[in-house]
Amino acid sequence: MNSSRTPAASQRSSRSRGAALWGTVLLVLTLATGCSTVVNGSATSIYSDPQLVSGLRVSEGPSGPRNGVGRADLAVRGISDDPVDTLAVNAVADAEAFWQETYPAVFGSPLEKVEKLVSYDSSVDSDEEICGADTYKLVNAFYCSTEHLIGWDRGKLLPAIESRFGAMGVVTVLAHEYGHAVQRRAKLNAKAPTLVTEQQADCFGGAFMRTVAEGKAKHFTLNTANGLNAVLATTIAVRDKEGMAPSDKRAHGSAFDRVSAFQFGFTDGAARCAKIDTEEVRKRIANLPNKFDSSSDTGELAVTERNVGSVIESLKESFRSNNVAEPTVSYTDTGPCTDAKSTPPVSYCPATNTLTVDVPGLAARAEKADDTDNDALPDSVSGDFSAYVLLASRYTLAVQKGLGASLDGELVGLRSACYAGGYAAATSEPTGTLRLSPGDLDEAVSGLLTDGLAASDVNGKEAPSGFTRVEAFRTGVLDGAATCATVYGG
């Protein structure tokens, strides 16, 4: 996030759908929250129960390879006895079984299976080539359309993924590659940019993972709590770095883009994925920030008392159309609150309408992770917006109080995350003092996945699923704050 008054301000952004100005958004929001059936939490959608993940119950059950299930009987060139090869082969087998059933239903013809599977060790200097590429130092997993082939590096890549994200991280990668094979067979996006084909493959991977979570896969299980969180973390790890424009031929998508695509598939199925094309992606992400205005711009707004004050003023400006009492802001401990628990580093007390901010504690959330190892697969993204999204979500509790909404319960957390997403998308308006920067949305998504405080009620009770927390934030970003009360009550 940057001040729009500095020369290094980042490129402006806005929602791709929904109203463009906060005044309009919040007028609709006021009308939506005036409906007693919504305020009382009587919505009946799959989003109205925080204990559900796209209709599935949040469960901590097993996640990973099923016990007692051996290696699938698939022909693989270069196969080894390494357990990670068993993970890869079984992932392809389960994905293939899913698509044998799903492909005809979506595309109206039988699935043509992937013709070749290849395992190799990128650390070994050999004369082996795959699709014309030398496998030495080829740390990758990929689908090769010219030979209808899926290949994977069992030497470095898959072990690194398994070490960082667990077995289901490996399954996620191979499911994505099988998604590319489906693209090829269905003749989808043949001439589309990489950005589009990658997000469609992410979506297809999400559709497959849904059936694993439903217990329908032969070799794997996936719980909808930490297991699904690890799958999303794998998707975040392969995001584009901040500042890579969608027009770049190397662009695959930000963490926000790729997690969104995965969630579309997981929630709505393969038919939704088939609709992803250049126009759909353009409309969804074209106005989101992706390129820094100058080489000196980092997109970071240091978490200081002065800058926190600027964000607070921006929040007040954004929500002023609701005609609710603006909270008092304190940077020192104001003592016990009579009707809510403290939730440092940002707490809201309804009785006094006070927002208490521990600036050093908030700043700790913005500390950048050490990413000096170029071979590392970062499982989280941190930065200034890791802190400011929390500040925004806690501020919205004051707005919700002013509108007469309940502040207790896990659904409040999802609604607050959604409002924070709406605010994030609106901070690029020319009349505002702050603008969203490239990477800010990724920081928010990563933070919500690993820490639920920005999606919690007034007492800090968190929505239990990282998936639904991210989904709520994404709803606010893409569809606008006006949808939050409708989707999540209030």
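Quick notes on the rules
Per chain, residues are indexed from 1 in the order of the written sequence. Restriction of local features to residues with pLDDT of at least 70 applies here, the model being predicted, together with a cutoff of 80 or more for giving and counting side-chain atom pairs; totals for whole chains, interfaces and linings are based on all residues. With hydrogens and water set aside, each side-chain value is computed from the structure's full complement of heavy atoms. We count a stretch as a helix when DSSP gives it H or I for four or more residues in a row; a strand needs E for two or more, and each element gets its number in order from the N terminus. Three labels apply to residues, based on accessible area from a 1.4 Å probe with only protein chains included: buried if under 20% of the type maximum, exposed if over 50%, partly exposed otherwise in between. Contact criterion: two residues are considered in contact whenever any of their non-hydrogen atoms come within 4.5 Å of each other. Surface accessibility follows the Shrake-Rupley procedure with a 1.4 Å probe radius. Residue values consider only the protein chains on display as shielding. The definition used for a disulfide is geometric: two cysteine sulfur atoms within 2.5 Å. Nine residue types can take part in a nonpolar core, namely buried Ala, Val, Leu, Ile, Met, Phe, Trp, Tyr and Cys, and a core is a set of them joined through side-chain atoms within 4.5 Å. Here the expected span of a helix is defined as 1.5 Å times the quantity of residues minus one. In the analysis that follows, any N or O atom pair within 3.5 Å is treated as a polar contact, provided that within protein one partner can donate a hydrogen and the other can accept it, and provided that, for residues neighboring in sequence, both atoms belong to side chains. DSSP bridges decide pairing: two strands pair if at least two such bridges lie between them. To obtain an axis, a line is fitted to C-alpha atoms, over the contacting stretch when the element is a helix, and the angle between two such axes runs from 0 to 180 degrees between their N-to-C directions. Put simply, a salt bridge is a Lys or Arg side-chain nitrogen that is within 4 Å of an Asp or Glu carboxyl oxygen. Should an angle fall under 35 degrees it is taken as roughly parallel, and over 145 as roughly antiparallel, whereas 65 to 115 is taken as roughly perpendicular and any remaining angle as oblique. Whether a crossing is left-handed or right-handed is set by the direction in which the near helix is turned from the far one by less than a right angle, anticlockwise for left-handed and clockwise for right-handed. When residue character is reported, Ala, Val, Leu, Ile, Met, Phe, Trp, Tyr, Cys and Pro are called nonpolar, Asp, Glu, Lys and Arg charged, and the others, Gly included, polar. Only residues whose relative accessible area exceeds 30% and that form no salt bridge enter a patch; like-charged residues are grouped when within 9 Å of one another, and nonpolar side chains (Val, Leu, Ile, Met, Phe, Trp, Tyr) when within 5 Å. By the counting scheme adopted, Arg and Lys are positive, Glu and Asp are negative, and His together with the chain ends is not counted. Positions of charges follow a simple convention, taking NZ of Lys, CZ of Arg, CG of Asp or CD of Glu.

A. Looking closely at the overall build of the protein. Tallying secondary structure elements over the protein gives 17 helices and 14 strands in all. Taken over 490 residues, the protein has a buried fraction of 58%. Long-range pairs, those at least 24 residues apart, make up 73% of the contacts in the protein between residues at least 6 apart in sequence. Total accessible area on the protein stands at roughly 19500 Å², and carbon and sulfur atoms take up 49% of it.

B. Local environment of the state of the cysteines. For the structure on display, the rule yields four disulfides. Bridging Cys337 to Cys349, the disulfide has an S-S length of 2.1 Å. Handedness here is read from the sign of the S-S torsion; for Cys337 and Cys349, about 85 degrees, the answer is right-handed. On the criterion of sequence distance, the pair formed by Cys337 in the loop between β11 (328–330) and β12 (346–349) and Cys349 in strand β12 is long-range, its members being twelve residues apart.

C. Spatial organisation of the nonpolar core. The biggest cluster of nonpolar side chains holds 137 residues, and the ones touching the most others in it are Trp152, Leu174, Tyr178, Met209 and Phe473. Ignoring anything within four residues of it in the chain, the contact list for Phe473 reads Phe256, Phe385, Val389, Ala417, Cys418, Ala420, Gly421, Ala424, Leu441, Ala444, Val445 and Leu448. Counting residues in each nonpolar core, the second largest holds six residues, with Val118, Ile130, Cys144 and Leu149 among its members.

D. Region of the structure containing helix α16 (residues 466–479). Between its first and last C-alpha, α16 extends 20 Å over 14 residues, near the 20 Å set by a 1.5 Å rise per residue. In terms of residue burial, α16 counts as a mostly covered element, since 13 of its 14 residues are buried. Of the residues flanking the start of α16, the one acting as N-cap is Ser465, its side-chain oxygen 3.2 Å from the backbone nitrogen of Phe467. Phi turns positive, to about 90 degrees, at Gly480, one or two residues after α16.

E. Molecular detail of the sheet that holds strand β9 (residues 149–153). A sheet is described by the order of its strands in space; here three strands give the open sequence β5-β9-β8, paired in mixed fashion. Edge strands, defined here as strands with exactly one partner in the open sheet, are β5 (116–120) and β8 (141–144). Here the average twist between neighbouring strands, direction ignored, is 15 degrees. Here four bridges tie β8 to β9, and the two strands are oriented antiparallel to one another.

F. The pattern of salt bridges, seen in detail. Counted under the stated rule, the structure contains 19 salt bridges. Between Arg258 and Asp202 there is a salt bridge, and its shortest N-O distance comes to 2.8 Å. Taken together, the positions of Arg258 in helix α8 (residues 255–268) and Asp202 in helix α6 (residues 194–213) put the pair 56 residues apart, joining distant regions of the chain. Between Glu280 and Arg272 there is a salt bridge, and its shortest N-O distance comes to 3.0 Å. On the accessibility criterion, Glu280 (17% relative accessible area) is buried. Overlapping salt bridges bring together Glu112, Glu115 and Arg185 as one network.

G. A look at the side chain of Thr475. Following the sequence through the fold, Thr475 ends up in helix α16. Look past the residues within four positions of Thr475 in its chain and what remains in contact with it is Cys418, Gly480, Thr483 and Tyr488.

H. Structural context of the packing of α6 against α8. At their nearest, the axes of α6 and α8 sit 6 Å apart, and the two run at 45 degrees to each other. Taken together, α6 and α8 sit at an angle that is classed as oblique. The way α6 lies across α8 gives a crossing that is right-handed. Of α8, the residues touching α6 (which contributes Glu198, Gln199, Asp202, Cys203, Gly205, Gly206, Ala207, Met209, Arg210 and Ala213) are Asp257, Arg258, Ala261, Phe262, Phe264, Gly265, Phe266 and Thr267. Residues that form the contact of α6 with α8 fall into these classes: eight nonpolar, five polar and five charged.

I. Expanded view of the sheet that holds β11. Overall, mixed pairing links the three strands, which are arranged β11-β13-β12 in an open sheet. Pairing within the sheet leaves two strands with one partner each, and these edge strands are β11 and β12. Averaged over all adjacent pairs, the angle separating strand axes in this sheet is 20 degrees, with direction ignored. In the packing of helix α13 (residues 384–402) onto the sheet, the strands contacted are β12 and β13 (354–357), and the crossing angle to β12 comes to about 5 degrees.

J. Region of the structure containing a negative patch on the surface. Judged by side-chain charge, Asp125, Asp127, Glu129 and Asp134 come together as a negatively charged surface patch. Topologically, Asp125 is positioned in the loop between β5 and β6 (129–130). Asp125 gets classed as exposed once you look at its relative accessible area, which sits at 58%.

K. Molecular detail of unusual backbone geometry. Between Pro344 and Pro345 the backbone carries a cis peptide bond, its omega angle lying at 15 degrees. Tracing the sequence through the fold places Pro345 in the loop between β11 and β12. The backbone of His148 sits at a positive phi, close to 45 degrees, despite the residue not being glycine. A residue is classified by how much of its surface remains accessible, and His148, at 3% relative accessible area, is buried.

That is the geometry; function is a separate question.
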